[in-house]
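Examining the three-dimensional arrangement
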Amino acid sequence: MAERTSYIRPNSSKKLGLTPAGRSNPKHRKTLCQRFKSFLSRYFKLVKHAKPRLKKPVIYVFSPVEIDVSIYVTLDKDMKFTAVYPIVPVQKLHPQGEKILWDVHTGSDGTLVERETGLELSSLFWEADLNVRSSILSNPRADSGSIPGTWTLSDSNAVVLSIADINRYLEKALLSLGLHTEARTSFVTFWLPAFSSHKYIALRFMPQAEYSRIAPLGISPEPDVVTRVFMLFQGVRDLEAWPSAQKRALDDVSLWTDVVGVDTAAALNKDLSRVLEWGAMEIPS
């Protein structure tokens, strides 16, 4: 059997970043480090400037009797649909904005059937991107005439929790806001991976009127109760900057029913026609 000989082609050591003696070339190592640092810099810039996304607004429709219902969502000029289900056309509005419309038949058990396709559903779904330059996320001066920067988190309007406490807190808060068992479980499990990337989380639930101002929800015929629960959250690095929010986390979770504007008893009353929506958005910290 012929003996195999290992060899390096002439000049190949230069391509591999090796000296003729086979050692790593210091200049090549420096170049690799510079390239890696450049990659990390570009990556974190992309993450920092990523568009905030209103994720998984899910809509449930409950009615004591079977009925045909039309549901539409309209977006503010600073927002754009990224996904909807069931898939329906996205209507461009003039001069700006977007709108989607679902026509469904509701069952007494909460099951929905899309009238055009016969698709059976438990809920409706949409997501949207928010322009990072939107005045919604800014804090303009009072005399600027811009939309107030109410879509922000601060020590005066949020609670701050450790990752170990957030699930228990949310279970109680979401129940007080009228979410049934499946909705509470879906909410927490959907956002758990995002929570887990932080040690501490600041969160708040938005007033329904404020949320509806940028994403109006229309239902025909009009139900007895509409409950829209939308949460903002972000990771917290400096706990000392959030003293009041940490204390507020010890208060009764029912504080959010007044903030959001929810009638919990009506939201859970199965004798009424009800629409429930939940969603959230992570604010870059």
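Residues numbered from 1 in each chain as written. Predicted model: local features only at pLDDT ≥ 70, side-chain atom pairs only at ≥ 80, totals over all residues. Heavy atoms only, no water.

Some points on unusual backbone geometry
The cut-off we apply is this: Helix numbering and strand numbering both begin at the N terminus, where a helix is a DSSP run of H or I of at least 4 residues and a strand a DSSP run of E of at least 2.
A cis geometry characterises the amide bond from Tyr-85 onward to Pro-86, with omega recorded as -5°. Mapping Pro-86 onto the fold places it in the loop between β3 (79–85) and β4 (91–92). In this structure, the amide linkage connecting His-94 to the following residue, Pro-95, adopts the cis form with an omega of 5°. Secondary-structure assignment places Pro-95 in the loop between β4 and β5 (98–106).

Side note on the environment of Asp-224
This is how it is decided: Whether a residue is buried, partly exposed or exposed follows from its accessible area with a 1.4 Å probe, protein chains only, as a fraction of its type maximum: under 20%, in between, or over 50%, in that order. In what follows, residue pairs with any heavy atoms lying within 4.5 Å of each other are defined as contacts.
Along the polypeptide, Asp-224 turns up in the loop between β11 (217–220) and β12 (225–235). Classification of Asp-224 as exposed rests on a relative accessible area of 54%. Along the primary structure Asp-224 and Ala-267 are separated by 43 residues, whereas in three dimensions their C-alpha atoms are 9.1 Å apart. Setting aside anything within four residues of it in sequence, one finds Asp-224 in contact with Leu-272 and Ser-273.

Concerning the packing of aromatic side chains
We count it as follows: Pairing of aromatic rings covers Phe, Tyr and Trp, the last counted by its six-membered ring, and requires centre-to-centre distances within 6.5 Å; plane angles under 30 degrees mean stacked, over 60 mean edge-to-face, and any other angle means tilted.
Scanning the entire structure with this criterion turns up 10 aromatic pairs. Pairing Phe-81 with Trp-126 gives two aromatic rings, centres 5.8 Å apart and planes at 80°, and the pair type is edge-to-face. One end of the pair, Phe-81, is in strand β3; the other, Trp-126, is in strand β8 (residues 124–130), and 45 residues separate them in sequence. Of the two residues, Phe-81 and Trp-126, both sit in the buried class. Seen from their ring centres, Tyr-211 and Phe-230 are 4.7 Å apart, and the 20° between their planes marks the pair as stacked. With a gap of 19 residues between them, Tyr-211 in helix α5 (residues 208–214) and Phe-230 in strand β12 connect regions that are remote in the sequence. Comparing Tyr-211 with Phe-230, the two get one shared label, buried.

Overview of the pattern of salt bridges
Defined as follows: Any carboxyl oxygen of Asp or Glu that lies within 4 Å of a side-chain nitrogen of Lys or Arg is treated as forming a salt bridge with it.
All told, the structure shown has 7 salt bridges when counted by the stated rule. For Asp-103, the salt bridge goes to Arg-115, with nearest N and O atoms at 4.0 Å. Residue Asp-103 is found in strand β5, and its partner Arg-115 is found in the loop between β6 (112–114) and β7 (120–121); the two are separated by 12 residues along the sequence. Under the relative-accessibility criterion, Arg-115 is labelled partly exposed at 41%. Among the salt bridges present, the one from Arg-213 reaches Glu-210, with a minimum N-O distance of 2.6 Å. Of the two residues, Arg-213 and Glu-210 are both situated in helix α5; the distance of 3 residues between them amounts to about one turn of the helix. Judged by its relative accessible area of 37%, Arg-213 is partly exposed. Assessed through its relative accessible area of 16%, Glu-210 is described here as buried.

Regarding the confidence of the model for the chain
Here is the rule we go by: What pLDDT conveys is the predictor's confidence in a given residue, as a value from 0 to 100.
Residues at a pLDDT of 70 or more form 75% of the chain, whose mean pLDDT is 83. Confidence drops under pLDDT 50 across residues 1–10; counting only partners more than four residues distant or on other chains, this segment forms 1 contact. When the criterion is pLDDT under 50, residues 139–148 qualifies, and its contacts beyond four places in sequence or with other chains add up to 11 contacts.

Focus on the nonpolar core
Just so we agree on the cut-off: The nonpolar core is taken to be a set of buried Ala, Val, Leu, Ile, Met, Phe, Trp, Tyr and Cys residues, with the residues joined through side-chain atoms within 4.5 Å.
The biggest cluster of nonpolar side chains holds 39 residues, and the ones touching the most others in it are Ile-59, Ile-71, Val-73, Trp-102 and Trp-126. In this structure, Val-73 is in contact with Ile-59, Phe-81, Glu-98, Lys-99, Ile-100, Trp-102, Trp-126, Pro-216 and Leu-217, ignoring residues within four places of it in sequence. Residues Leu-170, Leu-174, Val-262 and Trp-278 belong to the second largest nonpolar core, which totals 32 residues.

A short note on a nonpolar patch on the surface
To keep things clear, this is the line we draw: Surface patches are drawn from residues lacking salt bridges whose relative accessible area is over 30%; two like charges belong together within 9 Å, two nonpolar side chains (Val, Leu, Ile, Met, Phe, Trp, Tyr) within 5 Å. The Shrake-Rupley method, run with a 1.4 Å probe sphere, supplies the accessible areas, and residue values consider only the shown protein chains as cover.
Taken together, the side chains of Tyr-85, Ile-87 and Leu-119 present a nonpolar region at the surface, about 310 Å² in accessible area. Position of Ile-87 among the secondary structure elements: in the loop between β3 and β4. Ile-87 sits in the exposed class, given a relative accessible area of 70%.

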